[in-house]
Amino acid sequence: MALQTPAVGQLQDLSSHVPCKQAFNTVSCRAPHSRRRHRPVTARSNEIATVASATLTTSLSPATQQPDGTVLSSPTSSRNQALEPRLLRGREVEERALDCCIQMHQDHPNGLQMPSRFGTGGLDEAYDRCGIVTASYAKTFYLGTQLMTPEKAKAVWAVYVWCRRTDELVDGPNASRITPEALDRWEERLEGIFEGRPYDILDAALTDTVSKFPVHIQPFRDMIDGMRMDLVKQRYETFDELYEYCYRVAGTVGLMTTPIMGIDPSYKGPLRDVYQAALGLGTANQLTNILRDVGEDITERNRIYVPTQELKEFGIAESEVSIGMFAPSTGKIDDRWQRFMQFQIKRAREYFSQAESGVDFLDKNARWPVWSALILYRQILDGIENNGYNNFTKRSYVPKWKKLLSLPFAAVKARSAVNLKASNESS
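None of these values were measured; they are calculated from a predicted model.

Asks: What's the story with the overall build of the protein chain in this structure? I'm lost.
Replies: Along the protein chain, the regular secondary structure elements total 18 helices and zero strands. Counting only residues that meet the buried cut, the protein chain has 56% of its 427 residues in that class. For the protein chain, long-range pairs separated by at least 24 residues make up 79% of all intrachain contacts whose partners lie at least 6 apart in sequence. Split by element, the accessible area of the protein chain, about 18400 Å² in all, is 53% carbon and sulfur.

Okay, here's the thing in structure tokens:
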């Protein structure tokens, strides 16, 4: 089977490489093999791709831009024709995916076991290219995967590359050309990956991954819906609204990667606790991203992710955030913003604490990289505080020397596995 082979620099140019979308059940956890077969991807994709060049304003319909922030696919998508009792909202979306992933882990512990259409050499090349992309775009993350077994590292690369390409659709150089219809086609392409029909060599690596590990498709679908939210939603009124977004764009990654990293054989507790910890880490990471990038998001994308309702509670107007919260008399960060950020940082740290409880439940060869990521990302919050809560003109980051100092501490945490021992003793 001939596969397209995109270069690293072509990852973001995806609008012309996604086929038509087919409906799926938004509530069911059924495996993708229960769906009817799609037609093969052919040169017909080039004709369909012309839709992606339409401007965003002409592509969005009233059904897509609901006043309450509900995100629906384009009415031309067959997904909207599926019979649904109601649309899932907020934490219900996360709960559905959590149930799906646990069911998959129990029913298919060795993955979907799809027959491979590619020789060993083709798959080796696919994973090598995923590794190159991961190393190019996420150096620290890539180094963390080197602590895993080769098979797990390659599978995590495949997931990372898919997530990276999905994010580039709405935040990459060609984001202005992406429409809801283009995301519909990208989702159709996802369905093909889980049915053993990858479009290009990078997709082939993910197809092989889901054949070997109990990875469910639902978190991938939910991430695409997170991209739909970015197309139509630039403000979040409540934390519940923001939480759903954090799940879709980051918590989903935890659900995707946990079955790859594996669970310690000695763990006696429920699978739900492990997956919920992964969701907590994803939420904590995304909240940290949001707090770090306040200035960048407002100036480059006209997006304010922190809840507007909470801004009002601290006496802050949206217009003030848009220009930067600096006190006119001193030029320093406004006291109201400092108090607001203290509240936001405290909540993010609470989610990191929730995540800590489950990292030790992972297989021992996956604990160190996850502990490293948790410790390093949490230090970004320290940086925001050290910058005097100025996240308008300063960007918090963890210097290399501090990263290196954190690795031995993470290794000790991984080896001790205190939470695993405590959980087993209480079981």
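Asks: Looking at this structure, how should I read the nonpolar core?
Replies: What tends to happen in soluble globular proteins is that the nonpolar side chains get buried as a cluster. In terms of nonpolar packing, the biggest core is built from 106 residues, with Trp162, Phe194, Leu242 and Trp337 touching the most fellow members. The contacts of Leu242, once residues within four sequence positions are left out, are Tyr236, Leu287, Ile290, Tyr305 and Pro307.

Asks: Would you explain the packing of aromatic side chains in this entry?
Replies: Where two aromatic rings form a pair, the distance of their centres and the angle of their planes describe that pair. A complete count under the given rule lists 17 aromatic pairs for this structure. Taken together, a centroid distance of 5.4 Å and an interplanar angle of 25° make the contact between Tyr142 and Trp157 stacked. Remark: Trp157 occurs in helix α6 (residues 150–171) and Tyr142 occurs in helix α5 (residues 139–145); sequence separation between them is 15 residues. Note on Tyr142: relative accessible area 22%, which makes it partly exposed. With centroids separated by 5.4 Å and ring planes inclined at 45°, the aromatic side chains of Tyr236 and Tyr245 adopt a geometry described as tilted. Over the ring of Tyr243 we find Arg91, and its NZ or CZ is 3.8 Å from the ring centre.

Asks: Looking at this structure, I do not really get helix α3 (residues 91–107). What am I missing?
Replies: An α-helical segment advances 3.6 residues per turn. Residues three or four places apart therefore align on the same side. Taking 1.5 Å of rise per residue, the 17 residues of α3 would be expected to cover 24 Å, and the 24 Å separating its terminal C-alpha atoms lies within 8% of that figure. Along α3, the residues that are buried comprise Val93, Glu94, Arg96, Ala97, Leu98, Cys100, Cys101, Ile102, Met104 and His105. As for α3, its buried residues are in contact with α9 (218–232), α10 (239–261) and α11 (271–292).

Asks: It is not clear to me how the confidence of the model for the protein chain should be interpreted in this structure. Could you clarify?
Replies: Keep in mind that low pLDDT regions are not for reading the predicted coordinates in detail. Here the protein chain shows a mean pLDDT of 82. Residues at 70 or above account for 79%. Considering only residues more than four positions removed or in separate chains, one finds that residues 1–5, a stretch of pLDDT under 50, has 15 contacts. Of the regions scoring below 50 in pLDDT, residues 30–85 engages in 113 contacts with residues more than four places distant in sequence or in other chains.

Definitions and limits used
Residues numbered from 1 in each chain as written. Predicted model: local features only at pLDDT ≥ 70, side-chain atom pairs only at ≥ 80, totals over all residues. Heavy atoms only, no water. Helix = DSSP H or I, 4+ residues; strand = E, 2+ residues; numbered from the N terminus. Buried < 20%, exposed > 50% of the residue type's maximum accessible area, 1.4 Å probe, protein only. Contact = heavy atoms within 4.5 Å. Areas by Shrake-Rupley, 256 points an atom, 1.4 Å probe, with all protein chains shown as cover. Core = buried A, V, L, I, M, F, W, Y, C linked by side-chain atoms within 4.5 Å. Phe/Tyr/Trp six-rings, centres within 6.5 Å; stacked < 30°, edge-to-face > 60°. Lys NZ or Arg CZ within 6 Å of the ring centre and 35° of its normal. Expected span 1.5 Å × (residues − 1). pLDDT = per-residue confidence, 0-100.

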